[in-house]
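# Coordinate analysis (summary)
Spelled out from the first residue to the last, the chains are:
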Amino acid sequence: MRTACIIWIAFLLVGYQVQAQDSSDVKVLPIFQSKLERQLITQFESQPFFLLQSLDAGTNIYHDNWESLVMQLDKLAEKKKSNVQLLSDIFFDTHNRMLKNYTTFASFASTLATGAYDCVTGTAVMGLLLERYGIAYTIIELQGHVYIRGIVEDVPFVMESTQPINGLLIGTRRVRNFEKKISQTVSDPTLETLNERIGQRGNSKKQLKIAEIGLKELGGLQYYNDAIRKFESGTFDEAYVQLIKAELLYPSPRIQQFKVLMEALILAEK
């Protein structure tokens, strides 16, 4: 709680200060790229459709293709007698209408605008739709991947957004076999590699299970991914700023550890 309060105070300031203990020099880093990004993060915590658009926020936060998808699914939902059948419509219509091109380091805003997606943004789209139709689910965070696991009418299911043909798995045996193949658990996930981006395809390798999260935390992973991208390009200041926002949305051990590393690198450059 204390850490969250400190971060929130930082967000109320114009920038964030990085200061060495043995130096009077202070480096002020701007936190937000735009007023819209600030507004989406600080005022829309309970509205994940808008919160998730904070990274790479454009002037248009209402998208015709999203409205078209929702209208189509609303019509299908009215006709369906079973939510199990609705899962198929959600999964395949989302891929047909919105999720066009798998792209590393995609943002949710770019997914809505262009159809470029990775596992984080594809999972976000499907999670929003499942919430709309009252279908219970959770997001499983692995070492470098996320997917949806849920249950509807006592039937378990998985939505693997990076597999447009075979990514919907329904039934106890299929879900169990999928999770046995893709994930494993560890007692201390904080020891994971810090720069493991979240965005690999689901069938890339067996990965360590980190946590079960929601859409807000998924927003934090967006910023974590972007911090990794900026870290890899050598822009440590920008990576650090993204991690401040990532930690606000999702104060996970690996985000916090990566933030400490970035602060050390910035101070070392002084």
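These figures come from a predicted structure and were not determined experimentally. (Residues numbered from 1 in each chain as written. Predicted model: local features only at pLDDT ≥ 70, side-chain atom pairs only at ≥ 80, totals over all residues. Heavy atoms only, no water.)

Bringing the overall build of the protein into the picture now. Of the regular secondary structure elements, the protein holds eleven helices and ten strands. Here the protein holds 270 residues, and the buried ones make up 51% of them. In the protein, of all internal contacts separated by at least 6 residues, the share reaching a separation of at least 24 is 62%. Accessible surface computed for the protein: about 12900 Å², of which carbon and sulfur atoms make up 50%. (Helix = DSSP H or I, 4+ residues; strand = E, 2+ residues; numbered from the N terminus. Buried < 20%, exposed > 50% of the residue type's maximum accessible area, 1.4 Å probe, protein only. Contact = heavy atoms within 4.5 Å. Areas by Shrake-Rupley, 256 points an atom, 1.4 Å probe, with all protein chains shown as cover.)

Together, R173, R174, R176, K180 and K206 make up a region of like positive charge exposed at the surface. Position of K180 relative to the elements: it lies in helix α8 (residues 172-182). (Patch = residues over 30% accessible without salt bridge, like charges linked within 9 Å, V, L, I, M, F, W, Y side chains within 5 Å. Salt bridge = Lys/Arg side-chain N within 4 Å of Asp/Glu carboxyl O. Lys, Arg positive; Asp, Glu negative; His and termini not counted. Charge placed at Lys NZ, Arg CZ, Asp CG, Glu CD.)

Residue position: T111 is located in helix α6 (residues 108-114). For the pair T111 and N101, spaced ten residues apart in sequence, the C-alpha to C-alpha distance is 9.0 Å. With sequence-adjacent residues up to four places away left out, T111 is seen in contact with M98, L99, A106, A116, Y117, T121 and V125.

Now for unusual backbone geometry. One non-glycine residue, F105, lies in the positive phi region at around 60 degrees. Checked against the element boundaries, F105 lands in the loop between β3 (101-102) and α6. On the basis of relative accessibility, which here comes to 22%, the residue F105 falls in the partly exposed class. Of note in the backbone geometry, E153 takes a positive phi value of approximately 50 degrees without being a glycine. Looking at the element boundaries, E153 is found in the loop between β6 (146-152) and β7 (155-159).

With that settled, consider helix α11 (residues 253-269). For α11, built from 17 residues, the straight-helix expectation of 24 Å at 1.5 Å per residue is met to within 8% by its first-to-last C-alpha distance of 25 Å. Regarding α11, the residues found buried are R254, I255, F258, K259, M262 and I266. End-on, the buried residues of α11 take up no more than an arc of 135 degrees, which puts them together on one face. Projecting away from the buried face of α11 at angles above 90 degrees are the exposed residues V260 and A268. (Expected span 1.5 Å × (residues − 1). Arc of directions from axis to C-beta.)

For the structure on display, the rule yields eleven aromatic pairs. With centroids separated by 5.5 Å and ring planes inclined at 70 degrees, the aromatic side chains of F50 and Y62 adopt a geometry described as edge-to-face. In this pair, F50 is assigned in helix α3 (residues 48-51) and Y62 in the loop between α3 and α4 (64-79), connecting sequence segments twelve residues apart. Within the aromatic cluster, the residues linked to one another by ring pairs are F44, F49, F50, Y62, W66 and F108. (Phe/Tyr/Trp six-rings, centres within 6.5 Å; stacked < 30°, edge-to-face > 60°.)

A few words now on the packing of helix α9 (residues 215-232) against α11. Two elements in contact, α9 and α11, have axes separated by 11 Å at closest approach and are oriented at 30 degrees. Relative to α11, the crossing made by α9 is left-handed. Here G220, L221, Y224, A227, I228 and F231 of α9 come into contact with α11, specifically with R254, I255, F258, M262 and L265. Residues that form the contact of α9 with α11 fall into these classes: nine nonpolar, one polar and one charged. (Axes fitted to C-alpha atoms, helices over the stretch in contact; angles between N-to-C directions. Left-handed = near helix turned anticlockwise from the far one by under 90°. Nonpolar A, V, L, I, M, F, W, Y, C, P; charged D, E, K, R; others polar.)

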